[in-house]
Each structure stands twice: as structure tokens, then as C-alpha cells.
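Commentary on secondary and tertiary structure
For reference, the chains in residue letters:
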Amino acid sequence: PPSAPPPPKNSSPTLSPLSLLLPLMGCQQETGGARDYYAFEQPAGGVWKPRTTYSFDLLFPDRTTTFTGEIVLRMDSRLDRPRARMEVRLRQDETILRRDTLQVDFAATAGDWKRPGALYHEFVLPLARPLQAPYTGLFSLEVRPLDTIPLSGVAAIGLHTAELRA
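Residue positions within a chain follow its written sequence, with the count starting from 1. Local features are withheld for residues below a pLDDT of 70 in this predicted model, meaning they are given only at 70 or higher, and side-chain atom pairs are given and counted only at 80 or more; totals for whole chains, interfaces and linings count all residues. Calculation of side-chain values draws on the structure's entire complement of heavy atoms; hydrogens and water are dropped beforehand.

**Brief notes about the environment of R144**
The cut-off we apply is this: Each helix corresponds to a stretch of at least 4 residues labelled H or I by DSSP, and each strand to a stretch of at least 2 residues labelled E; elements are numbered beginning at the N terminus. Each residue is assigned to one of three classes by its accessible area relative to the maximum for its type, calculated with a 1.4 Å probe on protein chains only: buried under 20%, partly exposed between the two thresholds, exposed over 50%. Every residue pair with non-hydrogen atoms within 4.5 Å of one another is taken to be in contact. The definition of a polar contact used here is a pair of N or O atoms within 3.5 Å, where within protein one atom must be able to donate a hydrogen and the other to accept one, and adjacent residues in sequence count solely through side-chain atom pairs.
Position of R144 among the secondary structure elements: in strand β10 (residues 137-145). For R144, a relative accessible area of 23% gives the class partly exposed. Sequence-wise, R144 and E87 are 57 residues apart; in three dimensions their C-alpha atoms are separated by 5.4 Å. Excluding its chain neighbours within four sequence positions, the residues that come into contact with R144 are W48, T52, T53, M86, E87 and R89. Engagement of the side chain of R144 in a polar contact is seen with the side chain of E87, the distance being 2.8 Å.

**Brief notes about the pairing of strand β12 (residues 154-164)**
To keep it simple, the criterion reads: A strand pair is defined by DSSP finding two or more bridges across the two strands.
Of all eleven residues that make up β12, ten are buried, and the element is covered over most of its length. Summarising the sheet, strand β5 (residues 66-75) and β12 pair through ten bridges and their orientation is antiparallel. Paired with G69 across the two strands is T161, which belongs to β12.

**Topic: the sheet that holds strand β4 (residues 54-60)**
The following threshold applies: In this analysis, axes come from line fits to C-alpha atoms, helices being fitted only over the stretch in contact, and the angle between any two N-to-C directions falls in the range 0 to 180 degrees.
Taken together, the four strands give an open sheet; going across it, the order is β4-β10-β6-β7, and neighbouring strands pair in antiparallel fashion. Across the chains shown, the open sheet's two edge strands, defined by having one partner strand only, are β4 and β7 (95-105). Going from strand to strand, the sheet's axes swing by 20° on average, the running direction of each strand aside. Summarising the sheet, strand β6 (residues 83-92) and β10 pair through six bridges and their orientation is antiparallel.

Quick look at the structure:
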């Protein structure tokens, strides 16, 4: 009797490692001639612990590349205080090229949120100056809290950049 043909090879094992990497990558979108880049991290349990740094990769393809930058905080109803302070650093390897401090005012008093929303409150903190690097390469923009107590209610910490065109 004829033998049965071999079972077809399953291609899903090849796709699954790639599909796991997609959530880790940022999104790029073209808008009005500028390339916007978004990347987000989610703190475990919605708590941003003191001295915990989140790092976002930023590619400078040439020395003339300049980006505007914003830190985005998505907060949920567990937010427990009216303000927070953070430090933002642009670095490559061990060299810090730029350091900035930001303060976000969530509310005049706890519970009186400035950006009301049903589930989330989003706060956008623009950086004071555009981002530039003295040479080409892959840099990282790091964000860490300056406060000594954990910040509760952090659904996501993000970076939004847009390339400035001359």
C-alpha cells in the first residue's frame, strides 16, 4: 500500500520569535514631512521605583540630525501624589552628552487631575532643547525618577521624537 505523505512542516516556530520582538520595538510614522518615533515601557505592577531607569534607543544617522523630544507619562487611577520629578539623559556608552530635569504637575491636589480621563491620564513633557549628537551612531535617552518614593499608577513611560528638517 502507498505510504502517507509526510506531514507539512509547521512554519509558526519561525514566526513566533519575530512576533515576540515586535512589542519591544518603537513605532515610526510619517507626518507632514517629519518622521515621528514613539516607544513605550511599562513598569512592573504600575510602580516606577526610585533609581529605576528606562532607556530608549535613538539613532542619529548623521551629525546634522536633530530631534524634538517629549517624555510621555500615561497614568492610571492609582496615581497617589500631585507631582513628580525626573531626570533625562542623552548618552552613548558611558558618556553623558546632555542632562535635563523635568517636573510634571499631575494635579493641584491629589484626585483633582489636570488631564481627566476615564481610565488613563496622559501627560506630555517637552524637552527644553532639541536633541543633537556630536557624531553619528546609536544613543540612548534615559529617564529616571528623582523622587525617593515610588510613583504608583504609571501605566507607561514613553518617548516621542520627531526629526526636525532644515
